[in-house]
Amino acid sequence: MIQRIRGTADILPGAIPRWRKIEETAREFFQRYGFREIRTPIFERTELFARTVGEETDIVAKEMYTFKDRSGESLSLRPESTASVVRAYIENKLWVDAPLTRLFYAGPQFRYERPQKGRLRQFHQIGAEVLGQSDDPMIEAEVIEMLSSFLDALGITTRVLLVNSIGCPDCRPRYLAGLRAALEPSIGAMCEDCRRRFEINTLRVLDCKVESDQAVIASLPAMVDYLCGACAEHFEAFRRHLDTAAIPYRLEKRLVRGLDYYRRTAFEIVSDDLGAQNTLVGGGRYDGLAELLGGPPTKGFGFALGVERMLLMLPEGAAEEASDGPEVYLAYIGPAARERAIALSRRLRRAGWSAALDFEERKLKKSLAMADKLKARRVLIIGDEEISAGAYILRDMKSGDQQTIEDADLVRRLEEISIHSGRRWS
Ligand code: HAM
């Protein structure tokens, strides 16, 4: 048997209500803050991610699904969506619409990581990006406020907001020099990745997960202690806005995020409820990313959250298991009744009712058992007698009550009955 690919999941009908709850709540809250949905392609030129996320990041160096298409061009399944959204923003000149463009997205992302709880190779993100000319730290605080109210609404409360500033091209070189000086004595004994990164992209040494390197990494200087005046002021204003909005946070000096495009504010929302993969949301500021792609100078700030991780935290009962049973099941006896049942199912569906019937003929008792199995709300019983009388028997599957309904009155009577007893299982 051919099985699904490791690190992917089938999202079965029973799980869908919880997925929809998250997606619909996100849409509702994000729209309140002026975000509009965007959908970008699932694959892009590999170069898009290499240039923005960074050649030396784990994502680009080790985790992308990269392939050549039939014309020999290198393409990659998107490992994240910020680069695609910024590309679309430039390519479609979205900046002409308004000084700030607020966009959100939801969809699958692909990373070749070692699968474990909360970590998949095809996973889903919901994200939001604010692009435009302003880098006001109020944008950051407002986006985080939106996220907080969205997470509260879903009952995801055991979480901690971690914030940091990773500086800008003015102050980062001084920090990198400090980082290199601090690493110099120990780098020879560190892992191969660290040694390579030390030369090419020193900041990425901080991403190292190798146990024996952790003591050195913990002793390294922190970017916040090297911020230039403008970055320090920006970070202070951001934190003041969080305080004003009564959003608690923790300064996490080691937070650098695993993508190269960040500048200044970086943040994560983590939770002990998640186990080893404890990051629910990641985001930050990425001024200048648009220029890397040949666009006009643009400021950017945004985040993405992992839907599978959110599902692990979503309280039981947060989404009612919607009854997917039919409103009316048609049970027929005999070939003429079969034809009538098919015509009636068509009539009911056109009128907006969900109707089910089997094309294989059964005894009435078996049909009722089938209706029960399908969780049908009501059964309409049709036999030769009913056809000649021009009326059918409607059975309520919950109460067992039966009544006769005239053919001409069928839809109207169903509507009447449903007002009293509920259209669906409730
Ligand atoms: P990221 O930190 O790489 O950031 O991913 C964001 C979130 O996606 C993570 O916190 C996690 O919940 C989820 N996630 C990542 N990898 C996996 C995986 N293999 N399996 C399950 N969930 C996963 C970004 O992607 C940035 N584009 C966020 C951003 C938007 N920054 C600015 N704007």
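Right, let's walk through the structure included here. Quantities reported herein were computed from a predicted structural model and do not represent experimental measurements.

Focus on the overall build of the chain
No. 1: Along the backbone of the chain there are 15 helices and 16 strands.
No. 2: Taking the principal axes of its C-alpha atoms as reference, the chain extends roughly 95 × 50 × 40 Å.
No. 3: Taking all 426 residues of the chain together, 50% fall into the buried category.
No. 4: Sequence separation of at least 24 residues holds for 71% of the intrachain contacts in the chain that already meet a minimum separation of 6.
No. 5: In the structure as shown, the chain presents an accessible area of about 21100 Å², 51% of it carried by carbon and sulfur atoms.
No. 6: The positive charge centre, built from 63 side chains, and the negative charge centre, built from 64, are 2 Å apart in the chain.

Focus: the sheet that holds strand β2 (residues 43–45)
Sheet strands line up and pair through hydrogen bonds in the backbone, either parallel or antiparallel.
No. 1: Taking strand neighbours across the sheet as the criterion, the three strands line up as β2-β4-β3 in an open arrangement whose pairing is antiparallel. Either end of the sheet is taken by a strand with one partner, and the two such strands are β2 and β3 (66–68). The sheet shows a mean angle of 35° between the axes of neighbouring strands, direction not considered.

Observations regarding the site of the ligand
No. 1: The environment of the ligand is formed by 27 residues, the closest being Glu80, Thr82, Glu113, Glu129 and Tyr262.
No. 2: Side-chain polar atom of Glu80 to a nitrogen atom of the ligand: 2.5 Å apart, as the coordinates give it.
No. 3: When the ligand is considered free in solution it has 670 Å² of accessible area, and contact with the protein chains removes 96% of it.
No. 4: At the level of elements, β6 (122–132), β10 (279–285) and β11 (299–306) are the ones that each hand at least two residues to the shell around the ligand.
No. 5: Here the shell around the ligand gets six residues from one element, more than from any other, and that element is β10.
No. 6: In terms of residue class, the shell around the ligand is built from eleven nonpolar, nine polar and seven charged.

Some points on a nonpolar patch on the surface
No. 1: On the surface, Ile42, Phe43 and Phe67 cluster together into a nonpolar patch covering about 260 Å² of accessible area.
No. 2: By the secondary structure assignment, Phe67 is in strand β3.
No. 3: The exposure class of Phe67 is partly exposed, given its relative accessible area of 36%.

Some words on the pattern of salt bridges
No. 1: Summed over all chains, the structure comprises 31 salt bridges.
No. 2: In this structure, Asp135 and Arg264 form a salt bridge, with 3.5 Å as the shortest nitrogen-oxygen distance. Here Asp135, found in the loop between β6 and α5 (137–153), pairs with Arg264, found in strand β9 (residues 263–270); they are 129 residues apart in sequence, far enough to count as distant.
No. 3: The partner of Lys253 in a salt bridge is Asp225, with the nearest N and O atoms 3.5 Å apart. With a gap of 28 residues between them, Lys253 in the loop between β8 (250–251) and β9 and Asp225 in the loop between α8 (214–218) and α9 (229–244) connect regions that are remote in the sequence.
No. 4: Through salt bridges that share partners, Glu56, Asp58, Lys62, Asp193, Arg196 and Arg197 make up one connected network.

Quick word on the environment of Ala106
No. 1: Looking at the secondary structure, you find Ala106 in strand β5 (residues 100–110).
No. 2: Spatially, the C-alpha atoms of Ala106 and Glu37 are 8.4 Å apart, while their sequence positions differ by 69 residues.
No. 3: Every residue in contact with Ala106, bar those within four places of it in the chain, is listed here: Gln125 and Ile126.

A few points about the side chain of Arg172
No. 1: Of note, Arg172 is situated in helix α6 (residues 172–183).
No. 2: One buried charge, Arg172, has no salt-bridge partner; the nearest side chain with opposite charge is Asp260, at 6.9 Å.
No. 3: Apart from the residues within four sequence positions on either side, Arg172 is in contact with Ile166, Gly167, Leu203, Met223, Tyr262 and Arg263.

Thresholds applied
Residues numbered from 1 in each chain as written. Predicted model: local features only at pLDDT ≥ 70, side-chain atom pairs only at ≥ 80, totals over all residues. Heavy atoms only, no water. Helix = DSSP H or I, 4+ residues; strand = E, 2+ residues; numbered from the N terminus. Buried < 20%, exposed > 50% of the residue type's maximum accessible area, 1.4 Å probe, protein only. Contact = heavy atoms within 4.5 Å. Areas by Shrake-Rupley, 256 points an atom, 1.4 Å probe, with all protein chains shown as cover. Lys, Arg positive; Asp, Glu negative; His and termini not counted. Charge placed at Lys NZ, Arg CZ, Asp CG, Glu CD. Pairing = 2+ DSSP bridges. Axes fitted to C-alpha atoms, helices over the stretch in contact; angles between N-to-C directions. Near = heavy atom within 4 Å. Polar contact = N/O pair within 3.5 Å; in protein donor to acceptor, adjacent residues only side chain to side chain. Nonpolar A, V, L, I, M, F, W, Y, C, P; charged D, E, K, R; others polar. Patch = residues over 30% accessible without salt bridge, like charges linked within 9 Å, V, L, I, M, F, W, Y side chains within 5 Å. Salt bridge = Lys/Arg side-chain N within 4 Å of Asp/Glu carboxyl O.

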